[in-house]
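Residues per chain are reported as follows:
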Amino acid sequence: PDKYNLCNMLLHRGDIIVLYTDGLNDNRNPENIRYGFERINVLIEENRNKSAEEISRTIIEDVILYMGAKPQQDDMTLVVMKIKK
């Protein structure tokens, strides 16, 4: 088939959808500790009143700060959508 229905969900004003590749949460700091899912979830919650662009920027900047001088090992893809209406 040309179309797949993976899930149905009812979205409300203010809902935030965040999609990202494992390259984002798998980044490690100089002590070799993964960035992880929890840090992403906390940032989303702390910044939920900001625009999707601001949330995205905040997450990427935090990941880069977390990595310190450690080089990026994988691609980082992030999509943030916020329901307005």
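Keep in mind it's a predicted model, so treat the numbers as computed, not measured.

### What to know about helix α3 (residues 52-67)
The periodicity of an α-helix, 3.6 residues per turn, causes residues three or four places apart in sequence to face the same way. Here α3 is 16 residues long and its end C-alpha atoms lie 23 Å apart, about the 22 Å a rise of 1.5 Å per residue gives. Inspection of α3 places A52, I55, I59, V63, Y66 and M67 among the buried residues, and these make up the whole buried set. Take α3 and look down its axis: the buried residues cluster within an arc of 100°, on one side only. The outward face of α3, more than 90 degrees from its buried face, is lined by the exposed residues E53 and L65. Where the residues of α3 are buried, they touch β1 (16-20), α1 (22-25), α2 (37-46) and β2 (78-82). The positive-phi residue at the C-terminal boundary of α3 is G68, with phi of around 60°.

### Considering α2
Considered for burial, the residues of α2 that qualify are I40, L43 and I44. One side of α2 carries all its buried residues, which in axial view fall inside an arc of 100°. Exposed residues pointing more than 90 degrees away from the buried face of α2 are listed as E38 and E46. The inward-facing, buried residues of α2 abut β1, α1 and α3.

### Side note on the pattern of salt bridges
Between side chains of opposite charge, pairing is possible as soon as their charged atoms come close. For the coordinates displayed, the defined rule picks out four salt bridges. Of the charged contacts in the structure, one is a salt bridge between D26 and R34, with a shortest N-O distance of 2.8 Å. Two residues, E45 and R48, come together in a salt bridge whose shortest N-O distance is 3.3 Å. Take R48: its relative accessible area is 31%, and that puts it in the partly exposed class.

### Remarks on the environment of D15
As for its placement among the helices and strands, D15 is situated in the segment before β1. Sequence separation between D15 and K3 is twelve residues; the distance between their C-alpha atoms is 25 Å. Excluding residues that lie within four positions of it along the chain, D15 makes contacts with L10, M81, K82 and I83. A polar atom in the side chain of D15 sits 2.7 Å from the backbone nitrogen of H12.

### Observations regarding the nonpolar core
Counting 13 residues, the largest nonpolar core has L24, Y35, I40, I59, V63, L78 and V80 as the members making the most contacts within it. A per-element tally of this core places α3 first, with six residues. Setting aside chain neighbours within four positions, we find I59 in contact with L24, Y35, I40, L43, I44 and L78.

Cut-offs and rules
- Residue positions are given per chain, counted from 1 along the sequence in the order it is written.
- The model is predicted, so local features are restricted to residues of pLDDT at least 70 and side-chain atom pairs to those at 80 or more, both for listing and for counting; the totals for chains, interfaces and linings are taken over all residues.
- The basis for every side-chain value is the complete set of heavy atoms in the structure, and neither hydrogens nor water enter the calculation.
- Where helices and strands are cited, they refer to DSSP runs of H or I of at least four residues and of E of at least two residues respectively, numbered from the N terminus.
- Multiplying 1.5 Å by the residue count of a helix minus one yields the expected span of that helix.
- The buried label applies to any residue whose accessible area, calculated with a 1.4 Å probe on protein chains only, is under 20% of its type's maximum; exposed applies above 50%, and partly exposed to all values in between.
- Taking the helix axis as origin, the arc is that swept by the directions to the C-beta atoms.
- Residues count as neighbours in contact if any of their non-hydrogen atoms are within 4.5 Å of one another.
- Between Lys or Arg on one side and Asp or Glu on the other, a salt bridge is scored when a side-chain nitrogen of the former is within 4 Å of a carboxyl oxygen of the latter.
- Counted as a polar contact is a pair of N or O atoms within 3.5 Å, where, for protein atoms, one must be capable of donating a hydrogen and the other of accepting one, and residues adjacent in sequence contribute only when both atoms are in side chains.
- What we call a nonpolar core is a set of buried Ala, Val, Leu, Ile, Met, Phe, Trp, Tyr and Cys residues that are connected through their side-chain atoms within 4.5 Å.

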